[in-house]
Amino acid sequence: MSEQLELLYDGIYEAILDGDPNKAVSHVEKALALNAPIEDVLNEGLIAPMKEVGRLFEEGEYFVPEMLISARAMKAGLEILRPLLTETDMPPVGAVLLGTVKGDIHDIGKNLVAMMLEGSGYKVIDLGVNVSPDKFVEAIETHQPDIMGMSALLTTTMREMDVTIQALIRAGVRERVRIMVGGAPLSEQFAARIGADGYAADAGKAVSLANALLQR
Ligand code: B12
């Protein structure tokens, strides 16, 4: 990797830790102008600092406001990548309903999954954050997606995925969709235990998982 790009990735990393959206945006733009690979801008520039923000929060060095302004800076940088990630001239390969479960307002990871799916030819219906089981059920009836994806970032909200799947079963719509789940505290085992059809650890793997679920 060129030294110049490395400096720019470091700059994006710092901008996000400092919560500086303007700097995050300008550095992402500069990296793209130098033909930086999008995955590197994403992983080394934008995603890596969020892990550090989480660590600083755990250590008591950052509080919720710092976490929030870092998230805003990350989102500003991600918006620059959006057109590059979502651009495609493929006809839709399938429809995915996405949402962050009830009680949870983390949406950066979910939004990234949405962008990567769109870029791979999926139509995405994004229900946003804090989505109740009833809202998922209603949206399955309205939109008839092939796949439903749930996101949770808290150990306290991941159990809402189980509650939601039970609500789908009660409403008689569980068999109409393949269910995939994701979010930092989740695992393959957890997904299997709650009766989801698959788990993916990141947005790239979410696309491969969606493709595999469509084949089934
Ligand atoms: C930013 C952030 C916030 C922001 C969120 C802003 C936003 N709009 O999203 C704010 C400030 C609002 C916030 C609030 C809180 N947060 Co917070 N937050 C984070 C932080 C630092 C980064 C999360 C992030 O965006 N990561 C980057 C993205 C790209 O990664 P990702 O979300 O994991 O997503 C990827 C994969 O998981 C996967 N994926 C995600 N979703 C899906 C869905 C599907 C279907 C699939 C297939 C894949 C998939 O693909 C994604 C892309 O690669 C994390 C730390 C961390 N390490 O995760 C803490 C963290 C998640 N938060 C935490 C906590 C405790 C909180 C609060 C409770 C704090 C408080 N006291 O109020 C509140 C809860 C609010 C609520 N009710 O939801 C803890 C959770 C601890 C736990 N084990 O439960 C963490 C881990 C911090 C820590 N280390 O302690 N937070």
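Here, every reference points to the structure presented above.
Residues numbered from 1 in each chain as written. Predicted model: local features only at pLDDT ≥ 70, side-chain atom pairs only at ≥ 80, totals over all residues. Heavy atoms only, no water.

Turning to the site of the ligand, a few remarks are in order. Taken together, the neighbourhood of the ligand is formed by 35 residues, with E58, I105, H106, D107 and S151 sitting nearest. Separating a nitrogen atom of the ligand from a side-chain N or O atom of H106 is a distance of 2.8 Å. One of the backbone nitrogen or oxygen atoms of G183 is found 3.5 Å away from an oxygen atom of the ligand. For the shell around the ligand, the secondary-structure elements that each account for two or more residues are α3 (38–58), α4 (64–86), α5 (108–119), β3 (147–151), β4 (178–182) and α9 (203–215). Looking at side-chain class alone, the shell around the ligand contains 21 nonpolar, nine polar and five charged residues. There are two domains that each give the shell around the ligand at least three residues, and those are domain 1 (3–86) and domain 2 (94–215). (Near = heavy atom within 4 Å. Polar contact = N/O pair within 3.5 Å; in protein donor to acceptor, adjacent residues only side chain to side chain. Helix = DSSP H or I, 4+ residues; strand = E, 2+ residues; numbered from the N terminus. Nonpolar A, V, L, I, M, F, W, Y, C, P; charged D, E, K, R; others polar. Domains from an automatic or database assignment.)

Next up on the list: helix α1 (residues 3–18). The terminal C-alpha atoms of α1 lie 22 Å apart, and with 16 residues this matches the ideal 22 Å at 1.5 Å per residue to within 8%. Contact partners of the buried residues in α1: α2 (21–33), α3 and α4. Residue G19 follows α1 closely and has a positive phi angle near 70°. (Expected span 1.5 Å × (residues − 1). Contact = heavy atoms within 4.5 Å.)

It is worth spelling out a nonpolar patch on the surface at this point. On the surface, a nonpolar cluster with roughly 230 Å² of combined accessible area is contributed by M90, V93 and L214. With respect to the secondary-structure elements, V93 resides in the loop between α4 and β1 (94–100). Given the relative accessible area of 41%, V93 is considered partly exposed. (Patch = residues over 30% accessible without salt bridge, like charges linked within 9 Å, V, L, I, M, F, W, Y side chains within 5 Å. Areas by Shrake-Rupley, 256 points an atom, 1.4 Å probe, with all protein chains shown as cover. Salt bridge = Lys/Arg side-chain N within 4 Å of Asp/Glu carboxyl O. Buried < 20%, exposed > 50% of the residue type's maximum accessible area, 1.4 Å probe, protein only.)

To continue, consider the side chain of T100. Turning to its location among the elements, T100 is positioned in strand β1. When its relative accessible area of 0% is taken as the criterion, T100 is described as buried. Within the structure, the side chain of T100 is placed 3.0 Å from the backbone oxygen of H106, a separation counted as a polar contact. T100 has contacts with H106, D107, K110, G128, V129, N130, V131 and S151, leaving out every residue within four places of it along the chain.

Attention shifts here to the nonpolar core. Counting residues in each nonpolar core, the largest one holds 39 residues, and the members touching the most others are V41, L46, L117 and M180. At the level of elements, α1, α2, α3, α4, β1, α5, β2 (122–126) and α9 are the ones that each hand at least two residues to this core. A domain split of this core shows at least three residues from each of domain 1 (3–86) and domain 2 (94–215). Sequence-distant contacts of L117, that is, excluding residues within four places in its chain, are made with V96, L98, Y122, V124, M180, A206, V207 and A210. Grouped together as the second largest cluster of nonpolar side chains are 28 residues, V101, M158, I165 and A196 included. (Core = buried A, V, L, I, M, F, W, Y, C linked by side-chain atoms within 4.5 Å.)

The next subject is the pattern of salt bridges. Tallied over the entire structure, the rule returns eight salt bridges. Note that K75 is salt-bridged to D107, the shortest N-O span being 2.8 Å. One end of the pair, K75, is in helix α4; the other, D107, is in the loop between β1 and α5, with 32 residues separating them in the sequence. You can call D107 buried: its relative accessible area is 19%. A salt bridge links K205 to D202; the shortest N-O distance between them is 3.2 Å. According to the relative accessible area criterion, K205 is partly exposed, its value standing at 46%. By relative accessible area, D202 is classed as partly exposed at 35%.

Relative to the helices and strands, S26 resides in helix α2. Judged by relative accessible area, S26 falls into the partly exposed class, the value being 25%. For the pair S26 and G183, spaced 157 residues apart in the sequence, the C-alpha separation amounts to 29 Å.

Turning our attention to the packing of α3 against α4. Where α3 contacts α4, the axes come no closer than 10 Å and their chain directions differ by 170°. What the angle tells us is that α3 and α4 run roughly antiparallel. In this structure, α3 contributes I38, V41, L42, L46, I47, M50, V53 and F57 to the contact, and α4 contributes V64, M67, S70, A71, M74, G77, L78, L81, L84 and L85. Each residue belonging to the contact of α3 with α4 can be placed in one class, and the counts come to 16 nonpolar, two polar and no charged. (Axes fitted to C-alpha atoms, helices over the stretch in contact; angles between N-to-C directions. Parallel < 35°, antiparallel > 145°, perpendicular 65-115°, else oblique.)

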